[in-house]
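Notes for the structure review
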Amino acid sequence: MTAGGGGLVASGALARSGGPTPARVLVYDHVGTLAADVRDAVEHHDPVPEIVDCRRPRALADFLTEQRFDVLVAGPGLDSRAGFERLRIIREELPSMPIVLAVANTAELDVRDVVRAGAVDLVEIPIPGEKLRETMDRALQLARRTAEVAGPGTAIEPVRPDSSIPKRVITIASASGGCGKTFLATNLAWFLTHHAKRRVCIIDLDLQFGEVSASLRLRPRYTITDLIQHDNDDEAEFNAHFEEFCETHETGISVLAAPRDPTEAAAIRPADVGRVIDAARAHFDDVIVDTPPALADSVVVAYNRSDELFVMATLDIPSIRNMQVFLSTLERLHVSNDGIRLILNKAESDAGVEIRQVLKLFPQGFDATLPYAREVQRSINAGRPVLATNPSADISRQISNSMKRLLPADAQDRFTEYEAANRPGRFRMRNRKPKAVTA
Ligand SMILES: Nc1ncnc2c1ncn2[C@@H]1O[C@H](COP(=O)(O)OP(=O)(O)OP(=O)(O)O)[C@@H](O)[C@H]1O
Ligand SMILES: [Mg+2]
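Right, let's walk through the structure included here. Just so we're clear, the structure is a prediction, and the values are computed from it rather than from any experiment. (Residues numbered from 1 in each chain as written. Chains lettered and ligands numbered in written order. Predicted model: local features only at pLDDT ≥ 70, side-chain atom pairs only at ≥ 80, totals over all residues. Heavy atoms only, no water.)

For the protein, the count of helices and strands is 18 helices and 13 strands. Taking the contacts inside the protein whose residues are at least 6 apart along the sequence as the reference set, 77% of them involve residues at least 24 apart. Counting only carbon and sulfur atoms, one obtains 50% of the accessible surface of the protein, whose full area is about 20700 Å². (Helix = DSSP H or I, 4+ residues; strand = E, 2+ residues; numbered from the N terminus. Contact = heavy atoms within 4.5 Å. Areas by Shrake-Rupley, 256 points an atom, 1.4 Å probe, with all protein chains shown as cover.)

Pasting the structure below:
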C-alpha cells in the first residue's frame, strides 16, 4: 500500500476456518485511552477479540502491512486531512475491513472526508461505554459477515513493499528564479506517487516565498515553522509527529509547507532543516525538496542530504551563465558531484540561443530539455500537476521519459503501457474515416 510503502494484508482472521479465532482489532489513538476503552467494550465476546494499540502513523501502515486485522478503530490523530487521506488509501486496499471513526468533535468534520475514508460508523470521544459496545458489536458483526461471504481461505498473502529502490531525497535547485523548480517538484512527486505508488513528501524549503502549496491549491494548517517549534527538544516526539504537520493533496502527495510569513525564515536554522529532512525520510519513500534560487546555508544542508540534485536553467544567457557559476560553487562547497543532473526548461526553438551550443557548455549533459508549454499555466491554475491534467502533452511525455529511470523495474514496465495508452492522436485515429480501398 502507498500509506506504508507496500501492500496490505487482507483482513480476515474471522475468515479462517477451524474453530473460533479471536477477532483482531487495531486501535489508532496517538494520545489517549481509546484502546483500553475498546478492550472493555469487547470483553463480552467469546473468544475475546485481540486489541492492538497503535500510536504512530507510520506504525499503522506497518501493522496493516504485516498483520491481519478485522476492524480498524481510527481515533485521534487520524481525524485530520492527512489522516483521512491515509484512511482512504487503507480503505481502497482493504475494502472489507470495517473502519470505525472516533473523533473528538463530530461537528467540525467535513462529511465528504468521512465518506471518502469509508467509515462504517462515527462516534464522538469521550464515548459512553454502552455506545462503544454497540459500535464494536456492529463492526465485528459486519467483519464476520464479510468473512462468511468471502469464505474460508480468502486471506491474501502479504504483498511486500518494493525494496528494489531505497528511500531517496531528491532536491531541485537553480541559480536563477523562475526556472521551473516548483513545477518540476510537484510533477515529479505526482509521477512517483502515480506510477510507483511511492509515498512522496515535498518539503518547501523556499522559506520566504514558497509556492508549493499554492501551486497545488492546498491550504496548509501547519508549516515547517510549526513543526520546528513543536517538541523542538524531543527528537522522538519530533519524528513521531512529522506527518501531522504535512498537508495531503487529493493525489496523495504530502506537502510540508513553507512559512506563512517570510520573516519566519530567519528563525529556521540549517540544523533544523537537517532534522526536518531526516524525519521526512524516515516517514516517506521519496522526499522532494523544493528550494529558492539562492545558495543559503539551509539549502546547502539539503544538497548534502540528497541522493539526486536536479539543477535547472532556462534557455537564456543569464540563466545558463548562472548555472555554470552555480555548479562551480557547489564544487567549492564540496557538494558531491555524483547525483547532480541538469535540466533545461522552457526551451523554445526561437529563443535566440542555440540549444546545441548550450549543450556543449555542459559536458555532463542534460537529463531533459523541456519545452515551453501553455498547458503548464493551466495545470497550475487547476492546482494539479500537468502530468495529471495533460498526460499526452509533449511536456508531460518529456518529463515522464526523463524521470522513468527513477521508477522500480516493474513500474517502468507498467509505465510503458500507460505511455502507449496516452500517445497523442490515439483517439483521433479511432474517429478517422477508413481509407477507400482501391482495386
Ligand atoms: N515548461 C514550462 N512551460 C511553461 N511554463 C512553465 C514551464 N515551466 C515552468 N513554467 C511556469 O514558469 C513560472 C515559474 O515556474 P516555477 O514557479 O516552477 O519556477 P521556480 O524555479 O520554482 O521559481 P522560483 O525560483 O521563483 O521559486 C510558473 O508560472 C510556471 O507555471
Ligand atoms: Mg519555486
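Let's shift gears to the pattern of salt bridges. Throughout the structure, instances matching the rule amount to 20 salt bridges. Taken together, the shared-partner salt bridges connect Glu308, Arg341, Asp367 and Arg405 into one network. (Salt bridge = Lys/Arg side-chain N within 4 Å of Asp/Glu carboxyl O.)

Turning to the packing of helix α10 (residues 270-283) against helix α11 (residues 297-304), a few remarks are in order. Following both chains from N to C, one finds α10 and α11 inclined at 35°, their axes separated by 8 Å at the closest point. Here the hand of the crossing between α10 and α11 comes out right-handed. Residues Pro270, Val273, Gly274 and Ile277 of α10 form the contact with α11, whose participating residues are Asp297, Ser298, Val301 and Ala302. (Axes fitted to C-alpha atoms, helices over the stretch in contact; angles between N-to-C directions. Left-handed = near helix turned anticlockwise from the far one by under 90°.)

All right, on to the sheet that holds strand β12 (residues 340-347) then. The strand order across the open sheet built from eight strands is β8-β9-β7-β10-β6-β11-β12-β13, with neighbouring strands paired in mixed fashion. Each edge of the sheet is formed by a strand with only one pairing partner; in this case those strands are β8 (247-248) and β13 (366-371). With six bridges joining them, strand β11 (residues 308-314) and β12 adopt parallel strand pairing. Directly across from Val311, in β12, lies its bridge partner Leu342. (Pairing = 2+ DSSP bridges.)

All right, on to the pairing of β11 then. Each regular strand shows side chains that alternate between the opposite faces of the sheet. Among the seven residues that make up β11, seven are buried, leaving the element largely enclosed by the rest of the structure. Burial along β11 is two-sided: the face carrying Glu308, Phe310, Met312 and Thr314 and the face carrying Leu309, Val311 and Ala313 are both buried. On the question of chirality, the crossover connecting β11 to the parallel β12 by way of helix α12 (residues 317-332) is right-handed. (Buried < 20%, exposed > 50% of the residue type's maximum accessible area, 1.4 Å probe, protein only. Right-handed = clockwise from strand over helix to strand, strands pointing away.)

Let us look at α11. For α11, a buried count of six out of eight residues is recorded, marking the element as mostly surrounded by other parts of the structure. For α11, the set of buried residues is Ser298, Val299, Val300, Val301, Ala302 and Tyr303. In the core, the buried residues of α11 are packed alongside β6 (168-174), α10, β10 (286-290), β11 and α12.

With parallel pairing, five strands are arranged side by side in an open sheet as β2-β1-β3-β4-β5. The open sheet terminates on both sides in strands that have one partner only, identified here as β2 (50-54) and β5 (119-124). Averaged over all adjacent pairs, the angle separating strand axes in this sheet is 20°, with direction ignored. One ladder, built from five bridges, connects strand β4 (residues 99-103) with β5; its direction is parallel.

Ligand 1 sits among 19 residues. The nearest are Lys181, Thr182, Phe183, Ala373 and Ile380. Contact distances for ligand 1 include 2.9 Å between an oxygen atom and a backbone N or O atom of Gly180. Gln377 is positioned with one of its side-chain polar atoms (N or O) 3.2 Å from an oxygen atom of ligand 1. For ligand 1, whose free accessible area comes to 630 Å², the fraction covered by protein is 85%. Contributing elements (two or more residues each) for the shell around ligand 1: α6 (181-196), β12 and α14 (374-382). Of the residues assigned to the shell around ligand 1, the class counts are nine nonpolar, six polar and four charged. (Near = heavy atom within 4 Å. Polar contact = N/O pair within 3.5 Å; in protein donor to acceptor, adjacent residues only side chain to side chain. Nonpolar A, V, L, I, M, F, W, Y, C, P; charged D, E, K, R; others polar.)

Right, let's talk about the side chain of Ser400 for a bit. Residue position: Ser400 is located in helix α16 (residues 394-403). Apart from residues no more than four positions distant in its own chain, Ser400 is found in contact with Phe191, Leu387 and Phe415.

End to end, α12 covers 23 Å across 16 residues, agreeing with the expected 22 Å (1.5 Å per residue, within 8%). Every buried residue belonging to α12 is among Ser319, Ile320, Met323, Phe326, Leu327, Thr329 and Leu330, and all of these are buried. Downstream of α12 by one or two residues, His334 has phi in the positive range, about 60°. (Expected span 1.5 Å × (residues − 1).)

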